[in-house]
Structure formats: structure tokens, C-alpha cells
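Structural overview
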Amino acid sequence: MRISVFGSGYVGLVTAAGLADMGHKVLCLDIDKARIAMLREGRVPFFEPGLGDLVARNMRGGRLVFATELDDEHRSSDAYFVAVGTPPMNDGRADTSAVFAVGRTIAASAARGAIVAMKSTVPVGTCDALQAQLDKDCPHKMSVASNPEFLKEGDALEDFFRPFRVIIGVQDEATEREMRELYRPLQLSSERVIVMNRRSAELTKYAANAMLATRISFMNELARLCDVIGADIHSVRKGIGSDHRIGPSFLYAGPGYGGSCFPKDVSALVHLGQDNGVTLQVVEAASSANEAQRRYVLQKIEGMFPDGLAGKTIAVWGLAFKPMTDDVRDAPAGAVVKELLARGATVRAHDPEASANFAKAYAPAGPKMSYHDREYESLDGADGLVLMTEWRHFRNPDFEDIKARMRGNAIIDARSIWAVFHLAERGFRYTAIGTR
Ligand SMILES: NC(=O)c1ccc[n+]([C@@H]2O[C@H](COP(=O)([O-])OP(=O)(O)OC[C@H]3O[C@@H](n4cnc5c(N)ncnc54)[C@H](O)[C@@H]3O)[C@@H](O)[C@H]2O)c1
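Residues take numbers from 1 onward in each chain, read along the sequence in its written order. Reporting in this predicted model follows two pLDDT cut-offs: at least 70 for local features of residues, and 80 or more for side-chain atom pairs to be given and counted; totals over whole chains, interfaces and linings ignore these cut-offs and use all residues. With hydrogens and water excluded, all non-hydrogen atoms of the structure serve as input to the side-chain values.

With that out of the way, let us pick up the layout of surface pockets. Two kinds of site are reported from a 1 Å grid over the protein atoms alone, namely cavities, where a 1.4 Å probe fits but cannot get out, and pockets, open sets with protein on both sides within 12 Å along at least five of seven lines, and residues are called lining when an atom falls within 4 Å of a point. Grid points are joined across faces, edges and corners, and a volume is the space filled by probe spheres set on the points. In this structure, the second largest pocket spans a volume of roughly 150 Å³. Amino acids are sorted into nonpolar (Ala, Val, Leu, Ile, Met, Phe, Trp, Tyr, Cys and Pro), charged (Asp, Glu, Lys and Arg) and polar (every other residue, Gly among them). Looking at the lining of the second largest pocket, its residues break down into 4 nonpolar, 1 polar and 5 charged.

Here you go:
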């Protein structure tokens, strides 16, 4: 099939390269000229394991090309995928303007009828509105399908090629057939397609993220309780996660969820409820518990320095919102580092992939803020070490080296992965979340 994908971000580029790898002829478009220039040189503009090889292979094979505008060949696409950003607006609702900009481009450029598959996460009713826009402005028959994306950054290729499920939201059988045909190569080992109407598909995406966010917030609140009553959150997690009805995933306490999806999708769902006269109390609580958790991490840090943070040097390990990505959107480390700097501390940070993005989004390098490729160098002269993101190379640190390099001895473990090392016995003042 001939396919155009709008957006070359985490979702668009993975979708474009994945569809090309399944043998389709794919044009990946973005309005960001610099990004397209990079991609044309074979450079992937963000960190996602395995994606560079996948893109290169399909470019070499002539199945994947990049452009800022639809070319003549792809004006006759069989399907247009929409994978543009839907960031939060100031009021917390999702900004869908890029989606409708794509709709205008398709209406003005398409040379024949096609499927329009919505990968972007959009409020319920957006696909209906896009269908209405295309019915009005496009001379050809376009059929909009909701096809929400569930990939996890850091594991996006696995999620694309072996998804738990492919959700397809359609209003008619012909569109269902075409969407099934698109995903046929992913169905060889088992049936993964679940078909429903468009509004249900749109809501399924928000429901999935809100459910996962709720599990995290639930555990974070219990971890705060553990800190007070002397219970251990890891034991509680294992105890409940072994129940098949509950399962072990997304039960890790930490500094609160972040990233480009959970905070914005939870907030958009809360507003969707409000706009439709339904108060989603559980979802609202998940969101406010997450805000509280971020403050809690800061309280933990402040608790280690009773005479204040001014003049202190704090090493921060991990800046990305989770390991194996360079994405820092709404990363818990962003709020923490900003607060540390605002209180007069000097921050020495290390992240193996996300430093450049972090410097741009939160804190440019300067006299009070430095970035270090080697995690141990960030510790030189530090009064405290804060672990924010549990990259694999932080699992077994050399605590003797850490101690030798630091001026102080405070360790704040916001991912609670170092309790096993009994750091108090090694001369550190150690605090974690829900464990000791
Ligand atoms: N990142 C994830 O893990 C993830 C997972 C599932 C769903 N989603 C959803 O997928 C969508 C995209 O997310 P992302 O993380 O890939 O975003 P992103 O910010 O990484 O990329 C979006 C891209 O779209 C481009 N764009 C904007 N307007 C355009 C237009 N009119 N035409 C062509 N390109 C345009 C931007 O320049 C940008 O490069 C969002 O709705 C997001 O909620 C993201």
C-alpha cells in the first residue's frame, strides 16, 4: 500500500518505519524542516533503541522517504496516518489544532479517496469532527478511523511489531476491512485487532493511560503511608502483585508519573468528564496525588538539609522521565531541579541520553548547573545525591567511590532501588520512598 504518515516524532517515525518494514511504501511528513533534513541524512532526531537501524534499512530499500509536503505519488495514498502532537493547553485540555491542520492538508492535496487513521491521542469526538471537516472540504471520500497508539518509549519497536492489541475505531465495515488489511502482517501469531466505534476507541486510549496512572498514584500514596508506619512498599507491592487479578505491572512507587502522555492524558480525561457533566473522581484523585508526590520528593530532599539548600551542591542522577528514552516532557526531574536551583543550590546532573533536551527545556548549563557524561564525575564535591530515573547503570553503584567523591553523605533515592545496599551502615544518610 502507499501510506503517508504526518508527524515524525516518537509515534510518527516508529509508525512510518514499522509500516515500511511491513512492505508498504511510506512517506513520513513533518512541518519541522530541520527534523526532516536530519532524517533525510539518515539521522534519527531522538533516542529510541533500534529505531535508527529500522529507519536506515527501509530508506535503503526505498520504502521510506521523508518530506515536508505531500509529493505527487503520495497524493494518491491508500491511507494517511495522523501522528502529530496534541499537547496540553493552559487549561489542561488537549490542543488538537495540529490534527485539523493535517485535515486541511489532506483535503487540499489528496488526489483520491483514502483512509485517515488517527494515531494521535485525541479527545472523544475529534475523529467525528475531522470526518465532518473532510466531508465538507475534500472532494474525495475520506474515511476517518481511530487507531490509538499504545507504544512505550524505550520499547517502541517491540510494541509496534508485537502489540498487546490494535484498537480500531470505525463507523462502517469497508473502513474496518481496510484497517484490518493494513495490520494483517501483525496478526500472524495471534489476533490482536479489537474493533469498536470511533468514540469508544478514542476513550480506550485515555482509559488505558488513566488506569496505569491511577495504579502508580495508588502505590505512591501507600508508599507515603509506609514511610510513616514503618511498612515496606516493596513487600506490599510483591504481596499484591502476585494476585493475578491485580498483576505486577505499574506498581512501583517513585517520584510521580511524568512524560509526554500520562499527565496530559489524565488531565484531558478529567476535562472530558467535566465538559460532559461527569465528574471522574478517581482520575482527578490520581492527578492530585501525583502533584503531591512531586512535592514529597522535594520535602525528602529538604529534610536532608535542615539548614536549607542555599549553597549546597546536589548531584542528580537521571533526567529523562523514565529510563531508555531522552524524552524529558513533564519529567519529575524537571520540577525537582528547578526547585533546587530556585533555593540556591548548585546542581550537577547526569543522564546518559537526556541532558541536551533537559538543558533546553528546564535548565541551561551555567555556573550553577552542569551536565556530566560520567555519573561519578557529577558527584565531585556534592553534599547530596538524588536518584531520579532508574537507568540500568545505576543499579549497582560503587558506593565507596561515591563516598570518596562527595563532600556530604545524603542520598535521596526517589526510585527506592538502593535500600538493599543498607546505606546507613555504610555511613550515608539515606532516604527513599516507602522503604528504608
Ligand atoms: N510519545 C509516546 O510515547 C506516545 C504514545 C502513544 C500516543 N502518543 C500520542 O501520539 C501523538 C504524537 O506523540 P509524539 O510523542 O510522537 O509527539 P512528538 O512531539 O514527538 O512529535 C509530533 C510531531 O508532529 C509534527 N507536526 C506538528 N504539526 C504537524 C503537521 N501539521 N504536519 C506534519 N507534522 C506535524 C511536529 O513537528 C512533531 O515533530 C500525541 O497525540 C501523543 O499523545 C504518544
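Okay, back to it.
Strand pairing in a sheet takes place through backbone hydrogen bonds and is either antiparallel or parallel in direction. Any two strands are treated as partners once DSSP identifies two or more bridges connecting them. To qualify as a helix, a DSSP run of H or I must reach at least 4 residues; to qualify as a strand, a run of E must reach at least 2; elements of each kind are numbered from the N terminus. Taking strand neighbours across the sheet as the criterion, the 6 strands line up as β11-β10-β9-β12-β13-β14 in an open arrangement whose pairing is parallel. Of all strands in the sheet, those bounded by a partner on one side alone are β11 (369-371) and β14 (429-432). Averaged over all pairs of adjacent strands, the angle between their axes in this sheet comes to 15°, without regard to strand direction. As a rule, the C-alpha atoms of each element are fitted with a line to give its axis, helices using only the stretch in contact, and angles between N-to-C directions run from 0 to 180 degrees.

Let us now look at the site of the ligand. If even one non-hydrogen atom of a residue comes within 4 Å of a molecule or strand, that residue is called near it. Neighbouring the ligand are 25 residues, the closest being V11, D30, T86, E153 and K264. Any pair of nitrogen or oxygen atoms within 3.5 Å is treated as a polar contact; in protein, a donor-acceptor pairing is required on top of that, and neighbouring residues in sequence qualify only through side-chain atoms on both sides. In this structure, Y10 approaches the ligand through a main-chain N or O atom, which is 3.1 Å from an oxygen atom. Within the contact set of the ligand, a nitrogen atom lies 2.8 Å away from a side-chain nitrogen or oxygen of E153. Here the ligand, which alone exposes 830 Å², has 87% of that area covered by the protein. Elements represented by at least two residues in the shell around the ligand include exactly α1 (10-21) and α4 (97-109). Shrake-Rupley sampling with a 1.4 Å probe provides the accessible areas, and residues are treated as covered by the protein chains on show and by no other component.

As a further point, take the pattern of salt bridges. Think of a salt bridge as a Lys or Arg side-chain nitrogen and an Asp or Glu carboxyl oxygen that are within 4 Å of each other. In total, this model carries 31 salt bridges according to the counting rule given. Here E191 and R180 are joined by a salt bridge, their closest N and O atoms 3.3 Å apart. On the criterion of sequence distance, the pair formed by E191 in the loop between α7 (173-183) and β8 (193-196) and R180 in helix α7 is long-range, its members being 11 residues apart. Only protein chains enter the area calculation, which uses a 1.4 Å probe; residues under 20% of their type maximum are buried, those over 50% are exposed, and those in between are partly exposed. Look at E191 and you get exposed, because its relative accessible area is 55%. D380 is the partner of R405 in a salt bridge, and the nearest nitrogen-oxygen pair spans 2.8 Å. Placement of the pair is R405 in helix α14 (residues 399-405) and D380 in the loop between β11 and β12 (384-387), with a sequence separation of 25 residues. According to the relative accessible area criterion, R405 is partly exposed, its value standing at 28%.

A complete count under the given rule lists 1 cavity of 30 Å³ or more for this structure. Lining the largest cavity are M118, S120, T121, V122, S146, P148, A201, E202 and K205. Looking at the lining of the largest cavity, the element that brings in the most residues is helix α8 (residues 198-229), giving 3 residues. In terms of residue class, the lining of the largest cavity is built from 4 nonpolar, 3 polar and 2 charged. Just so you know, the domain bounds were taken from an automatic or database domain assignment. Counting only domains with at least three residues in the lining of the largest cavity, you end up with domain 1 (2-196) and domain 2 (197-436).

Glancing now at the packing of helix α11 (residues 281-304) against helix α12 (residues 332-342). At a minimum axis distance of 10 Å, the contact between α11 and α12 shows a crossing angle of 45°. In terms of axis orientation, α11 runs oblique to α12. Here the hand of the crossing between α11 and α12 comes out right-handed. Each of R294, V297, L298 and I301 in α11 lies in contact with α12, whose residues at this interface are P332, V336, E339 and L340. Residues that form the contact of α11 with α12 fall into these classes: 6 nonpolar, no polar and 2 charged. Any angle that is under 35 degrees is reported as roughly parallel, and any over 145 degrees as roughly antiparallel; angles of 65 to 115 degrees are reported as roughly perpendicular and all others as oblique. Crossing handedness follows the turn of the near helix against the far one: under a right angle anticlockwise gives a left-handed crossing, and clockwise gives a right-handed one. By the convention used here, residues are in contact when the closest approach between their heavy atoms is within 4.5 Å.

Moving on: α4. Helix span, expected: 1.5 Å multiplied by one less than the number of residues in the helix. Across its 13 residues, α4 extends 18 Å between first and last C-alpha, which sits within 8% of the 18 Å expected from 1.5 Å per residue. Along α4, the residues that are buried comprise V99, V102, G103, I106, A107 and S109. Buried positions along α4 lie against β1 (2-6), β4 (79-82), β5 (114-118), α5 (126-137) and β6 (142-146).

Note that patches include only residues with greater than 30% relative accessible area and no salt bridge, and the join distances are 9 Å for like charges and 5 Å for nonpolar side chains (Val, Leu, Ile, Met, Phe, Trp, Tyr). Together, L225, V228 and I229 give the surface a local cluster of nonpolar side chains, amounting to about 320 Å² of exposed area. Here V228 lies in helix α8.

Think of it this way: a Phe, Tyr or Trp ring, Trp meaning its six-membered ring, pairs with another when their centres are within 6.5 Å, and the plane angle makes it stacked under 30 degrees, edge-to-face over 60, tilted otherwise. Taken as a whole and assessed by the stated rule, the structure comprises 13 aromatic pairs. Note on F399 and W418: the rings are 5.5 Å apart at their centroids and 90° apart in plane angle, and the pair reads as edge-to-face. With F399 in helix α14 and W418 in the loop between β13 (410-413) and β14, the pair connects residues that are 19 residues apart, well separated along the chain. A residue is classified by how much of its surface remains accessible, and F399, at 2% relative accessible area, is buried. A residue is classified by how much of its surface remains accessible, and W418, at 0% relative accessible area, is buried. Taken together, the ring pairs connect W317, Y376, F394, F399, W418, F421 and F428 into an aromatic cluster. A positively charged side chain is recorded as over a ring if its NZ (Lys) or CZ (Arg) lies within 6 Å of the ring centre. The angle to the ring normal must also be within 35 degrees. In this structure, R224 is placed above the aromatic ring of Y296, and the distance from its NZ or CZ to the ring centre is 5.8 Å. Over the ring of F305 we find R429, and its NZ or CZ is 5.9 Å from the ring centre.

Next up on the list: the packing of α8 against helix α10 (residues 262-275). Two packed helices can be described by the angle between their axes and the distance between those axes. One can describe the packing of α8 onto α10 by two numbers: an axis separation of 9 Å at closest approach and a directional angle of 115°. Judged on the interaxial angle alone, α10 and α8 are roughly perpendicular. You can see that α8 and α10 cross each other, and the crossing is left-handed. Across from L203, K205, Y206, N209, A210, L212, A213 and I216 in α8, the residues of α10 making contact are F262, D265, V266, A268, L269 and L272.

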